[in-house]
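Spelled out from the first residue to the last, the chains are:
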Amino acid sequence: MKQRITSVLLAIVLLCGIMCGNAFAASQNLSEIRASVEKQYSVKIEFVENESTETDADKINYILEISNHLSRIPSELHEPLVAHLKASGKTVKIRINPQMIVLDGHTALGTYDHSNARITLIDTDEYVFFHEYGHMLHAVLNEKYGATKLTNEWTALNGGQKYGAGESNYDQSVYSNMFISGRSTVNMGEDIAEIFAGFTSQVWVRQKYETLNGTNIWKKAMLLEQAGKSALNAGRVFFPTYVPQMPSPWAVDAIDRGFGDNFDRSVLGSKERDILLYQESISRGEFCEFLVSTINAVSVNRHGKGLYNIYYKWSRENMTWVPCGTINDPKTGNTLLNDGLLPEPYTDGVSTEVLIASYLGVVSGVSDSFFDYYGKITREQAAVMLARACEVLGYAGDVNTVTPTDSDSISPWAKAGVDYVMRTGIMTGSDGAFSPRQTYTYEQAYVTLVRIYDNLAQ
Ligand SMILES: [Zn+2]
């Protein structure tokens, strides 16, 4: 239910993003619009006045375009970046100067001045905006990640080529694996700005994905992603749709095979392996949806009928929609809940699958009334949920006796669960360790559930 509601909300927000531009402009004045965008993104927007910025309508158009561009930067990057600059007394400024002149007499499309945290643009071209934003990210990473470290790691990806070739000397046959553009060959700063712009604007990277994957250009983007995550504590630097993740080699088989039409892959994404979140942490709620989908697939396989049929009906008493319907025992196929009310123990929003998993005793909230749908799940939490799911399914099959080398660090409440998943081989550690506090990733979850399904389908 939540998934569906979320999609509808998202559609409304997207529609609004497209349609509100005009409505917004027509109904609000310049100062209101400026204040609203400045507040949303914690930036200041400035104008150098001339003929193309003199009216309110001109300025409103510029502001709405900047707002569009800012919405394309992941908030998981923008927010910590802005916070870092704020901590050093700076506010990000975006200045429109249609007649920008630089020292040598040439006009520049954009500049970035780190002492004022100011991006200056000749107009609102998207690529130029992201290029200058890339310079800002570079300056912040120099402070937070370390300029020397970043320079060493970055230039190691140049394949021994030195900067300085310049746009006019860009030799595709020599540089195409290392530099994303001619501009990239000028110096490291331009290279970073170009990588950021290239991987953030439009769908450029999606189109070039096949040719870029595995190149040093790709590795530079990954370095930016990793540096941003570690130094800025950014959730991500690029949207996954622009930098698709690929499954790790050990996960490819399970992901390609899946387990038939009874498994709902929608949480993971589409069947094509190009836009998915393999190495990202899965949330508690999403993992629950994976689990219920797996139990459902096993139920269909065993009994020829699904695990559940839940629908929502209007409760006049509570003045709200309430879930009710049927849940079948995945072990026996007998009906557990017969056209009855499905309990809703949590006060925070959860999906129908979370309620079903709770009903089956597979999951519980972080407190009696709070599930924490978006919370990350640790490997030991996952182990406990998986062990309970196996119990519900009647899973058997010890394959080994393993005591992880880090068993002392496993929480007391998780010990039995971890022991179970290790014994049955449902979860395996790495180099003998279980790493209980590490967050569980989408691909780990997927491989684990395919293992359970394979075992029960035999
Ligand atoms: Zn530049």
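Bear in mind the structure is a predicted one, so any value in this text is a computation, not a measurement.

Rules and cut-offs
- Residues numbered from 1 in each chain as written.
- Predicted model: local features only at pLDDT ≥ 70, side-chain atom pairs only at ≥ 80, totals over all residues.
- Helix = DSSP H or I, 4+ residues; strand = E, 2+ residues; numbered from the N terminus.
- Buried ≥ 20, exposed ≤ 12 C-beta atoms within 10 Å, placed from the backbone.
- Contact = placed C-beta atoms within 7 Å.
- Expected span 1.5 Å × (residues − 1).
- Axes fitted to C-alpha atoms, helices over the stretch in contact; angles between N-to-C directions.
- Left-handed = near helix turned anticlockwise from the far one by under 90°.
- Nonpolar A, V, L, I, M, F, W, Y, C, P; charged D, E, K, R; others polar.
- Parallel < 35°, antiparallel > 145°, perpendicular 65-115°, else oblique.
- Pairing = 2+ DSSP bridges.
- Core = buried A, V, L, I, M, F, W, Y, C linked by C-beta atoms within 7 Å.
- pLDDT = per-residue confidence, 0-100.

Caption draft 1: Broad picture of the overall build of the protein chain. Each helix and strand in the protein chain was counted, giving 15 helices and seven strands. Across the 458 residues in the protein chain, those meeting the buried criterion constitute 36%. Counting contacts in the protein chain only where the partners sit at least 6 residues apart, residues at least 24 apart contribute 65% of the total.

Caption draft 2: Representation of helix H3 (residues 56–72) within the structure. For H3, which comprises 17 residues, the first-to-last C-alpha distance of 25 Å matches the rise-based estimate of 24 Å (1.5 Å per residue) to within 8%. Those residues of H3 lying buried are Lys59, Ile60, Tyr62, Ile63, Ile66, Ser67, His69 and Leu70.

Caption draft 3: Here's a closer look at the packing of helix H5 (residues 126–155) against helix H9 (residues 216–232). Where H5 contacts H9, the two axes come as close as 10 Å, and the packing angle between them is 145°. Seen along the crossing, H5 lies across H9 with a hand that is right-handed. Residue-level inspection shows Val140, Leu141, Lys144, Tyr145, Leu150, Glu153 and Trp154 of H5 in contact with H9, the latter providing Lys220, Leu223, Ala227, Gly228, Ala231 and Leu232. For the contact of H5 with H9, a count of residues per class yields nine nonpolar, one polar and three charged.

Caption draft 4: How the structure looks around the packing of helix H4 (residues 75–87) against H5. Relative orientation of the contacting elements H4 and H5 amounts to 65°, with a least axis distance of 11 Å. With respect to H5, the element H4 is oriented roughly perpendicular. The crossing of H4 and H5 is left-handed. On the side of H4, the interface is formed by Leu81, His84 and Leu85, while H5 contributes Leu137, Val140 and Lys144.

Caption draft 5: Looking closely at the sheet that holds strand E4 (residues 118–121). With mixed pairing, the four strands of this open sheet are ordered in space as E1-E2-E4-E3. Bordering the open sheet on either side are strand E1 (43–47) and strand E3 (110–113), each of which pairs with just one other strand. Looking at each pair of strands side by side, their axes are set apart by 15° on average, direction ignored. As defined by bridge partners, strand E2 (residues 92–96) adjoins E4 across four bridges and the pair is classed as parallel. Note that in E4 the partner of isoleucine 96 across the bridge is leucine 121. Each of E3 and E4 is contacted by H5, which is oriented at about 20° to E3, the strand it contacts most.

Caption draft 6: Local environment of the sheet that holds strand E6 (residues 320–328). Read from one edge of the open sheet, three strands run E5-E6-E7, paired in antiparallel fashion. Because the sheet does not close on itself, it has two edges, and the strands there are strand E5 (308–315) and strand E7 (335–341). Adjacent strand axes in the sheet meet at a mean angle of 20° when their direction is disregarded. With four bridges connecting them, E6 and E7 associate as antiparallel partners. Paired with glycine 325 across the bridge in E7 is glycine 340. Contacting E5, E6 and E7, helix H12 (residues 352–359) crosses the sheet at an angle of about 50° to E6.

Caption draft 7: Looking closely at the nonpolar core. Counting residues in hydrophobic clusters, the biggest one holds 55 residues, and the most contacted among them are Phe287, Leu291, Ala357, Met385, Leu386 and Val421. The leading source of residues in this core is helix H13 (residues 379–393), at nine residues. Look past the residues within four positions of leucine 291 in its chain and what remains in contact with it is Ala357, Val362, Met385 and Ala389. Core analysis: the next-biggest nonpolar cluster, separate from the first, contains 53 residues, Tyr62, Leu70, Ala117 and Ile217 among them.

Caption draft 8: Structural context of the confidence of the model for the protein chain. Looking at the protein chain as a whole, the pLDDT averages 84, with 85% of positions reaching at least 70. In the model, residues 1–27 has pLDDT below 50 throughout and makes eleven contacts with residues more than four positions away in sequence or in other chains.

Caption draft 9: Main features of the pairing of E3. Residues of E3 alternate between two faces, with Gly110 and Tyr112 buried on one and Thr111 and Asp113 left unburied on the opposite face. Here four bridges tie E3 to E4, and the two strands are oriented antiparallel to one another. In the sheet register, glycine 110 faces E4, and the bridge partner there is leucine 121. Between E3 and E4, which pair antiparallel in sequence order, lie four residues; one of them, alanine 117, sits at a positive phi of approximately 50°.

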